Amino acid sequence: MEDVQNAKYSGIAFPPRKGSGYGFFKIATDEELIKNNIYTILHTRKGSMPGLYDFGSGVHDLLFEPINELTQGLIADEIIKAISTWEPRVTVAQIKAASIDNTRVFELVLRMKSTGQLFENTVTFDRNG
């Protein structure tokens, strides 16, 4: 059962699924909510959200560039910019980048602003679609 009483943030988990104990939908708290938001931010192309054209990130514009340190650095910068703009509850403490076949993998270390707690989140971008 989710520890909703001790959570700083809580809301319906995404994708919505059946929960236990607190109603029909699973309740997500703190880290899980933030990870879901970061996934949404980074996988939304800038300009694709009607009425909120600045929302998202420019990561998709860089996915088909050559896989090298420069491109990995540009993507990391785009990730930091998007998270700092759209997810005010965390800061990016560290990013490790890797490429595995046609997948770009970014291991993020995030710091929750309210508590200073560090947690990890892995974000992947598949170049095949």
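Just so we're clear, the structure is a prediction, and the values are computed from it rather than from any experiment. (Residues numbered from 1 in each chain as written. Predicted model: local features only at pLDDT ≥ 70, side-chain atom pairs only at ≥ 80, totals over all residues. Heavy atoms only, no water.)

Visitor: Break down helix H1 (residues 30-43) for me, citing the residues and quoting the values.
Guide: Taking 1.5 Å per residue, 14 residues should reach 20 Å; H1 reaches 20 Å between its end C-alpha atoms and fits that length. The complete set of buried residues in H1 reads Asp-30, Leu-33, Ile-34, Asn-36, Ile-38, Ile-41 and Leu-42. (Helix = DSSP H or I, 4+ residues; strand = E, 2+ residues; numbered from the N terminus. Expected span 1.5 Å × (residues − 1). Buried < 20%, exposed > 50% of the residue type's maximum accessible area, 1.4 Å probe, protein only.)

Visitor: I'd love a proper account of the sheet that holds strand E3 (residues 90-100), names of residues and values included.
Guide: Through backbone hydrogen bonds, the strands of a sheet pair up, either in parallel or in antiparallel fashion. The three strands lie next to each other as E3-E4-E5, forming an open sheet whose pairing is antiparallel. Looking at which strands have only one partner, the edges of the open sheet turn out to be E3 and strand E5 (118-126). The average angle at which neighbouring strand axes cross in this sheet is 20°, direction not considered. With ten bridges connecting them, E3 and strand E4 (residues 103-112) associate as antiparallel partners. (Pairing = 2+ DSSP bridges. Axes fitted to C-alpha atoms, helices over the stretch in contact; angles between N-to-C directions.)

Visitor: So, the pattern of salt bridges: which residues are in play, and what are the values?
Guide: Following the criterion strictly, the structure yields two salt bridges and no others. Ionic pairing is found between Glu-78 and Lys-81, a salt bridge with its closest N-O pair at 3.6 Å. Here Glu-78 and its partner Lys-81 are both found in helix H2 (residues 69-86), three residues apart, which amounts to about one turn of the helix. On the basis of relative accessibility, which here comes to 12%, the residue Glu-78 falls in the buried class. Taking the relative accessible area as the measure of exposure, Lys-81 reaches 45% and is therefore partly exposed. (Salt bridge = Lys/Arg side-chain N within 4 Å of Asp/Glu carboxyl O.)

Visitor: Quick one: what's the story with the side chain of Asn-121, residue by residue and with numbers?
Guide: Of note, Asn-121 is situated in strand E5. Asn-121 has contacts with Lys-35, Ile-38, Phe-106, Glu-107, Leu-108 and Leu-110, leaving out every residue within four places of it along the chain. (Contact = heavy atoms within 4.5 Å.)

Visitor: Provide a residue-level description of the nonpolar core, including the pertinent values.
Guide: Soluble globular proteins tend to pack their nonpolar side chains together in the buried interior. Among the nonpolar cores identified, the biggest contains 20 residues, and Ile-38, Leu-42, Ile-79, Ile-83 and Leu-108 are the most heavily contacted of them. When residues of this core are traced back to their parent elements, those giving at least two are H1, H2, E4 and E5. When sequence neighbours within four positions are dropped, the list of residues in contact with Ile-83 reads Ile-38, Leu-42, Val-90, Val-92, Leu-108 and Leu-110. (Core = buried A, V, L, I, M, F, W, Y, C linked by side-chain atoms within 4.5 Å.)

Visitor: Any details on the confidence of the model for the protein? Residues and values, ideally.
Guide: Averaged over every residue, the pLDDT of the protein is 82; residues scoring 70 or more account for 77%. The least confident element of the protein, judged by mean pLDDT, is strand E1 (residues 10-12) at 59; the most confident is H2 at 93. (pLDDT = per-residue confidence, 0-100.)

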